[in-house]
Structure formats: structure tokens, C-alpha cells
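Letter by letter, the chains look like this.
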Amino acid sequence: MQKCYLCHGPDPSSREAGLRLDLKEGATMLLESGKTAIVPSAVHKSALIERITSDNPEVVMPPPSLKQKLSDYEVALIKKWIKEGAEYEPHWAFMPAETNKKVVKADFFEQIDALIQEKISEKGLESSEKADKYQLIRRLSFVLTGLPPDVERVKQFVADECPEAYMDLVDEYLNHPAFGEKWASHWMDVVRYAETKGHEFDYQIQGAWRFRDYLIRAFNQGVPYDQLLKEQLMGDMLSSPRENPVSGENESALGTMFFTMSEGTHSPVDIKKDEADRIDNMIDVVGKSFQGLTVACAKCHDHKFDPIPTADYYGLYGMLGSTRFSPLPVGNGKIKFNTVSKAAELKRKIKSLVANEWTGPLEEDSIPVRLVNISSVPESAKDINIIADFRGLDFQGWKADGLAFGANTTLGEPIFSSSTSTLKALSPGFASSQQFGRGIWGALRSPDFTVDKNFIGISARGKGASIRIVMENFQLISYPIYGGLDQKVDDEAWQNYTFDLSAWKGRKVYIEILPGSFVRHQYTQKADAYIEAEYVISFDEAWQTPDLKDTEANLSISKVVNHWVTGKSSAKEIAFLNRELTKGKLKKDFPSALALKMKCDSLGRLVKDSVFIQGVTEGFGGESNIFIRGNHSDPSNEKVPRIFLSGIFEEQKPYQGDGSGRQQMVEMMLAADNPLTSRVMVNRIWHHVFGKGLVETVDNFGLQGKLPTHPELLDYLALAFVKNSWSIKTMIKNMVLTQAFQRSTSGGSMSLDPDNLYLSRYSVRRLEAESIRDAVLKAAGTLDSTMFGKPVPVHLTEFMQGRGRPGDSGPLDGNGRRSVYLEVRRNFLDRMMTAFDRPTPFTTFGKRDVTNVPAQSLFLMNDPFITEQANHMANQLLNNKNLMEDEDRINDAYLRAFARLPSPDEISKGLGFVNKTKIQLAENAESDKALNILAWKEYCHALFNMKSFIYLM
């Protein structure tokens, strides 16, 4: 029925003749023609059969113009379905996973084999023999680590007759550090990993490589998949974030870089469209990555095939639009938090100490004092809007992220003389990032609001700081268009900072106050950086200082002091206490309080933030309009509730909280009755282990995706995945322990199942680009196994030109580092990775294209990297004192390149190649040694060009 849904499916905008075939009610209703498309159990009464079998091009369906003609098999299947009652069930992927009760085995991997064998027997196929040990170790090593096996390990495994030798090898590779590097690279394809934004200047994504390292650590440590999902979608919100056991770093926060891997446009003319494009990309990647659904197809209309209405797309749009990009500090967050918490406790002790002295001896305690307005407002100030006034105690509904700004303003903070124990005054109120010292990260952000005045004004002071007006969530703020929306604050005297927004009235914005600043879109913060702000206003003409708007009151002095010590003071109460302090009516000398203050200051100096990543944080919850036909400039009148795929998961309520709703989205993904999350992930794992998923379309489990070849097996794996605590390593281990994984690539009823859908043999598959390059380095003896760290800059050829081109090229060999550590620069992608089909990072690619094009052969034949590595390998062979004969060198070369020994014929041909090459190059060689190196270099180069080098055979 898939070929029918384009015109008769869920999307009403493309539905023809009022006929909907994906629902029983629509398919069996009486049409205007007087006919019924489907009459259950009555094939000849069903008008659908008449249309799909007609020879008349004016009548036949689908219309010839769509080129979707049904095959004889498909027609027969529809007839059989109608004859049997035309039962409607949800699409298979949306139905709960069920266990296969016909087959019960004790071991996980044996159950997998049993389910595979059912299909093999059902299809009348024969299984191939078990692969030899050379094939097995090479296959296992590449699948689990992305590297060829060590030569000595090959010899050891082949000689080991112990029955547990293979299982021991599996455990060895699962626990090898290279395992995380290999499997992180798979997930990097899914999340469109890159280290730059692309577009004109290809700006860097701050700290992107830390996300890559986060993934490697997570896969190596066996972090459960449900935890990884939580961290990448809401790692900033977890009450108990996962910490790096060595550095104490917040790993969960690093996971949120998942959202920041998108492309970015420099100075777009239509900034609202830019936001729509960014959120659309996030929706696309979230939907494909975790649910295997093309949710983004519902941007302009209801999904034409899957039950995803446009309202669901914009429900997700509201969630992700309520999520804000933010610099996040890197380091031991727990130590910083504990240190600041100790400082905050000392501050409370100081206030209590002072308050006890003030309330004890007061004789006039019972006499109420009149608190009057501190200032009055001129009549002209009525023309301003007060966006926030931080001269009171709180942040006026603004959100303070990080540690710098604390929980409240500075109102009432004791100010001591720098050299004595004298209390000079209580601080007036303002928002301050130096509540615990300078150089601490934090951000103070307003709720979203619509610009309705010409100017926004902020009274502020600071050092190395900045204030940004973030319009439509646009982050790459810069000239020529938007540079004025980011102003630097580098004056320690109060100044009025004015932003001219007259050209952007009606736009959605929020204000961001930061103790650091962005330099070429990289957030930087110096050790002495800070920012403080008094108030924020909007106005059309003249700047006016707003009134504090405190109400008058009559309170006893003890009540005023009690308000102060409990953090409930008004600005007028603090002004009153300051007057009493000035008059000498309140004690000023507090030696013990000063000691506490000095200790508090010393704690603050221990907390410094200087290294940052670009992650996300919660914004203020808000719903989105539907964009009519996906046009951001044509929004609907009503907003849609934030909800997660209500067309598929109906038992849920729209989210109406203050936050984004990402937490509720994650809860729906991990709900026990959501069959997609576990199915999609185990299918991804199967794809990487066997070369093809049980569902071939690994990113699309919808109606346009392929049907599973082994539905019972897929369900079994999905249930076992959850039962085994979402353990990726456990799943991989049981897959590679199967007989199916260990089969030879030859035999297995190839003529009856040429595509090997039913796994009667192991499929021949080409290595990924990274594995080919890493195998070259490993064979040449130049692979540097150092893990983690900043990426190796991309090697630039003279043909790699354009804006944003780095000033310096990286080394030809990438310093010998594994390919996962090479820089992924969107505008200057690595030429070898591109040639061998590493995807361009713009959306989810769970399944790479596998092409066979001349550019690949030409690269292996002519690229200087390959010839350089062939030369290194030749030197390794010739300098090895254990390889005295040419035959020994050929044996070692084959073990390096193919993890096996050569046949007698291959040895003979190899010797002939080397000798013939020496004759051809003799005239150009400076010495016999040089000639020897040249000949063996050509031989090694030839090995790199063999099919068996770049394929798992």
C-alpha cells in the first residue's frame, strides 16, 4: 500500500478523490462514485482491485505518470489481504515488540542463531562453512576496533586450539581502547559531527572535539544507551549528572553538544528563516537518530506516509525553540559547586553574626520606622518599559545559569573596609557575576519578548564582559548586519549601553548578560572578568532611570533586620539600614565577620572558568505557531501545544511547564510502550556488525522504509537490549559470538539469496574510509595510538580554496593519528574521507553510501599520503632483522596488510614483482639500498591497491 499513500494517505493536502487508504474507516466508506475501495472478504466488489489491475492508462492506479506501477506480486498480496478480511493494524514499527515463543535457547547468541536458522530453513537455503581463523580475526578486529589485528596476535590466535580462544578474542577487542574510537565514529555519522559551522567563514564549533572524546569514553566505559540518550537530549537538566571518574568533568553536559553540531549561517538576511532552518535540522536529526522517523517531512504538511501531523512537528519545534545555546564551562563542576556553596554559607554566617549584634541592644526596637520611596520618577519616564530592575532583591524572572550570579542580586551584601574590620555599608541592589569572585562563569538571560520600542538600554559596568541581544535564537552575531547586537562591557564605572532595535520591531529576542565575550564566535573569559547590571529598559526617545516602585511600609527595626538576614529585604529597607549605620546607631566593627569575609574571598579565588564548550541550557517554555506550508513568514493564528509524536504515541498530555519540554520528550522515548527507541538502536548495531540492518533503512522505520527481513529477531533483540540494561557492549558481544557472524563469505546459497538477506553467509563489505586510512598507517608502522585531544588540522591541497580556508595546512599524514582525530571542517573536508564515502555532515547518516568510483582507485594509486606510507612500510620490512629473506618479507607484508599468510602463488608473484621492479628502476637508483627501498615501496603500494586490503572478504 506504500505506493498508494502519496495520494491516499495521511496528508489531506495531497489526498485525491477524498479517499484515504491508510485507515479502515476511509478505505471502506462509500465514495461519491457510489463504489467502495475495499470491501473486506470481497475482492471482486472492491473498486481498488479494479483500478490497480486496469489496462486503461486513464483508469489504472497509481497513475502511470508517478512511475509507481504495482508488481504482480504486490497485486496478489493485496487481493489475498482483502480476501482474508482486510484487517488493519498499525505499521509494524509502531507495534509493541513480541517474543518468539517457538524458539527458546539458554544463551543470548544461540537464540539469535536459532531465529536466523528459522529463516534459512524457511527459504530453503544452506549455510556457508565457518570462516577460517585468519578471516575471523581480521573481521572481528575491524568490526570492533576499526583496525587490522596485530601481526603477533594473528599468529597467536591461529595457533591457539583452545575452544575459548575466539570468545577471549571478543572480550579483548571489546575492552580495547580502540573500541570506543571505532563505535564513536558510527554515532558521529548519526549526529552530523563536525568541528565547524560551514557557510562563508566556516566558524569553529567551540569545543566540538570534546564531544567526540565524550563519545569515545562513553563507548569504552559501556555507558548504557538510555543514559547516552538522556545526556544528549537533556544532559544539562539531569539532577545527578554523570561525572568523569578521573577529571570530575560533567560528562552529561558535554552530551548536549549533540544539538550544536548543526550548520550555521553568517549574517543571514532573514534571521527568522535561519532559526527555522536550525530547528528543522535539530528535529530531523532527533527524529531519525532516536526514533528512526523522518519527522521533518511534516514541516509543510502532514506526513504523507507516517502518522505524524504537522502539529506534531511544531510541537517539537516549540520544545527545541525553548532550548537555548550557551557556552558551558569545562572542569570539575562538583568541586566548583562545593567551593561556591561553602562561600555562600560563609556569607550567611556573616549576616547572622552582624544581625545578632544589631537586634540585641536596640532600645527603639518597638518603634515603627517609616520607609519612603528612594527616588521619584519624572513624567517623561512613562514612555519607557522596564524589562528588568535588579536594584531589588531578585532577578525579575530572568534565568541565572552557572555559579557567577548566585541566587539573588547584591542587595544588602555587607561591604567591609579592605584593611579593617569596619562594616562600611550594605550594598545596593544589582545583578553581579562577582558574587563569589571574578572569573567565574555565569549567564543572566531574560525571557523571550517581542521588540516594540526603538531602543533597549542597560545600565551596566564590568571588565572583559558583554551584553548580547539574541534575536530569533541567532548565535553567530556579527557585522555587517547584526554586530550592534553584541556590545562589549569593559568599563568599571556605570555606563548606559544602548541597543538600536528600530529596524527589528516585532522580532522575538532575549537579552544575555555575560562576564566574558565572544571573539570570532568563541566564548572567552579572563580570570578578572565580571559584569554587573542595574536595570534594563526599552524606550523610543529619551533614556530615563526607572523608579524602584517599592511600596511604603511601617516596620520595626528588628523586623527590617530580620528581613535582611533572611533574604527578604526591599531596597528601601537596605537604604534605611545604611542611614542608621551612617548615623552610628548600628555597630560597625566586626573582627570575626571580617575573618569570615577573607576566607570567603579566598574560596572565590579558587573557582575560575577559562575553558568552554558550546552546549545548551533551558530557556523559557513557549509554543510555536504552525508555519503554513512551512513558510516561517506565514504563521497560523494559534499556537500548538508542545507534544511528542501524538499521532503515534497517543497516551500523553501536552507539556505546559515553564521549561522546554525536552525532559518529557525523553520520557516518551524511553517509555516501556515505545517500541521504536530500542528497535532503532539494535538495528544500528546490527548494521555495523553485519554490514546491513535487519531493517535496511536504518534511519527510517516509517512506511517508506524497508520491512525487516527478520521481524521476530528484531523484536527479540529490542527486548533483550532493554532487559540487559541498554548495554551496547552486551548486544555487540552476542552478535559477534553467533555462528552467523563467523560464517565464510563464500557459499551460502548465493544464487538463491544474492543479496544475503537471510544471512546464510557473511557479506563481503568494504571498510569505512577511516578504517582504510588507519589500516594503511598500521601496516606502515606509523600509526600513533594516542587518544583524545584537539583535532589534527586538515591537510590542505592547492585545490582546496575558498573563504574560511585555514591559514595553515595540517600534516599530510595527520601526524599518524587515527582518522577519528582528524579535523572535520565542513568547507574543507578531508579528501580521502570524502573519496571513500564518509558522509557530508548535514543530517543523520546511519548508513553510509558505498560507492565504487574511479576517484577511489586514483587516490590509492596516486595520492602522496599513500605513497609516503608505502615507503614507510618498505623501510619497516627491510629494517626488520628477523626478516632476512624476501619470502619472509612477503609473509610479513601479507600479515600486515591482510592479516593472513600468502599462498605459494602469491609469494611467487610477489618475488617476481619485486625483482622486475628492481630491473625497471635500476637506472634511477643511487645505490643498491635505495633501489631495494624503491622496489619494496612499489610492492607495498600495490598491496594497498588490492581489493582484499579495503574489503572484509
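Residues numbered from 1 in each chain as written. Predicted model: local features only at pLDDT ≥ 70, side-chain atom pairs only at ≥ 80, totals over all residues. Heavy atoms only, no water.

A. Representation of the overall build of the chain within the structure. When helices and strands are counted, the chain shows 30 helices and 23 strands. A principal-axis box enclosing the C-alpha atoms of the chain has dimensions of 105 × 90 × 55 Å. The 953 residues of the chain split such that 56% are buried. Looking at the chain alone, contacts between residues at least 24 apart form 73% of all its contacts between residues at least 6 apart. When the accessible surface of the chain is split by element, carbon and sulfur atoms take 51% of a total near 41,200 Å². (Helix = DSSP H or I, 4+ residues; strand = E, 2+ residues; numbered from the N terminus. Buried < 20%, exposed > 50% of the residue type's maximum accessible area, 1.4 Å probe, protein only. Contact = heavy atoms within 4.5 Å. Areas by Shrake-Rupley, 256 points an atom, 1.4 Å probe, with all protein chains shown as cover.)

B. Representation of the environment of E16. Looking at the element boundaries, E16 is found in the loop between helix 1 (5-8) and helix 2 (24-27). The sequence separation of E16 and L6 amounts to 10 residues, and the corresponding C-alpha distance is 9.2 Å. Sequence-distant contacts of E16, that is, excluding residues within four places in its chain, are made with C7 and H8.

C. Spotlight on the nonpolar core. Counting residues in hydrophobic clusters, the biggest one holds 165 residues, and the most contacted among them are L144, L233, W686, V689, L717 and I732. What L717 contacts, discounting residues up to four positions off in sequence, is F108, I112, V682, W686, L694, M731 and M735. Residues L555, L586, L594 and C600 belong to the second largest nonpolar core, which totals 67 residues. (Core = buried A, V, L, I, M, F, W, Y, C linked by side-chain atoms within 4.5 Å.)

D. Main features of the confidence of the model for the chain. Per-residue confidence for the chain averages 92 on the pLDDT scale, and 96% of its residues sit at or above 70. Below pLDDT 50 for its whole length, residues 372-380 participates in 15 contacts with residues either more than four positions away or in separate chains. (pLDDT = per-residue confidence, 0-100.)

E. Looking closely at the packing of aromatic side chains. One pass over the full model with this rule turns up 41 aromatic pairs. Consider the rings of F721 and W726, whose centres lie 5.4 Å apart with planes at 70°: the pair is edge-to-face. An identical accessibility class is assigned to F721 and W726; each is buried. Between F898 and F949 the ring centres are 6.5 Å apart and the planes differ by 80°, which places this aromatic pair in the edge-to-face class. Within this pair, whereas F898 is found in helix 27 (residues 886-898), its partner F949 is found in helix 30 (residues 947-950), the two being separated by 51 residues in sequence. Overall, F898 belongs to the buried group, its relative accessible area being 4%. Look at F949 and you get buried, because its relative accessible area is 0%. One aromatic cluster is present, built from ring pairs that chain together W187, Y225, F258, F259, F290, F721 and W726. Stacked on the ring of F258, the Lys or Arg R192 has its end atom at 5.8 Å from the ring centre. (Phe/Tyr/Trp six-rings, centres within 6.5 Å; stacked < 30°, edge-to-face > 60°. Lys NZ or Arg CZ within 6 Å of the ring centre and 35° of its normal.)

F. Layout of the packing of helix 27 against helix 29 (residues 928-944). The interhelical angle for the contact between helix 27 and helix 29, taken along N-to-C directions, is 35°, at an axis separation of 11 Å. Where helix 27 crosses over helix 29, the handedness of that crossing is right-handed. Together, D886, R889, I890, A893, Y894, A897 and F898 of helix 27 and W936, Y939 and L943 of helix 29 make up the contact between the two elements. Of the residues belonging to the contact of helix 27 with helix 29, the class tally is eight nonpolar, no polar and two charged. (Axes fitted to C-alpha atoms, helices over the stretch in contact; angles between N-to-C directions. Left-handed = near helix turned anticlockwise from the far one by under 90°. Nonpolar A, V, L, I, M, F, W, Y, C, P; charged D, E, K, R; others polar.)

G. Main features of the layout of surface pockets. Estimates place the volume of the second largest pocket at around 910 Å³. Lining the second largest pocket we find 33 residues, and of these D236, N250, A253, G333 and G402 sit closest to its centre. The set of elements that each furnish at least two residues to the lining of the second largest pocket consists of helix 12 (251-255), strand 1 (323-329), helix 15 (333-359), strand 4 (399-402) and strand 19 (612-618). Looking at side-chain class alone, the lining of the second largest pocket contains 14 nonpolar, 10 polar and nine charged residues. (1 Å grid on protein atoms, 1.4 Å probe; cavity = no way out; pocket = protein on both sides within 12 Å on 5 of 7 lines; lining within 4 Å. Points joined across faces, edges and corners; volume = space filled by probe spheres on them.)

H. Broad picture of the pairing of strand 17 (residues 530-539). A large share of strand 17 lies buried, amounting to nine of its 10 residues. The sheet contact formed by strand 3 (residues 385-389) and strand 17 spans four bridges and is antiparallel. Bridging across to strand 17, A388 finds its partner in V536. Bridge count for strand 7 (residues 431-432) against strand 17 is two bridges, and the pairing is antiparallel. Counted as the bridge partner of S432 is E532 from strand 17. Examined bridge by bridge, strand 10 (residues 455-463) and strand 17 share nine bridges and lie antiparallel to one another. Residue pairing in the sheet places I458 in a bridge with V536 of strand 17. (Pairing = 2+ DSSP bridges.)

I. Main features of empty space enclosed by the protein. On inspection of all chains with the given rule, the structure shows eight cavities of 30 Å³ or more. Forming the boundary of the largest cavity are 26 residues, of which K197, F325, Q475, L476 and Q614 lie nearest the centre. Those elements giving two or more residues to the lining of the largest cavity turn out to be helix 13 (271-291), helix 14 (310-321) and strand 1. Counting residues per element, the lining of the largest cavity draws most heavily on helix 13, at five residues. Taken together, the residues of the lining of the largest cavity break down into eight nonpolar, 12 polar and six charged. Considering only enclosed or pocket space, the second largest cavity measures out at about 150 Å³ in volume. What lines the second largest cavity is a set of 15 residues, among which M188, D189, Y193, V824 and R838 lie closest to the centre. Class assignment for the residues of the lining of the second largest cavity results in seven nonpolar, four polar and four charged.

J. Up close: the state of the cysteines. In this structure the tally under the stated criterion is zero disulfides. Of the cysteine sulfurs around C7, a residue in no disulfide, the closest is that of C4, at 8.9 Å. A relative accessible area of 18% places C7 in the buried class. (Disulfide = S-S within 2.5 Å.)

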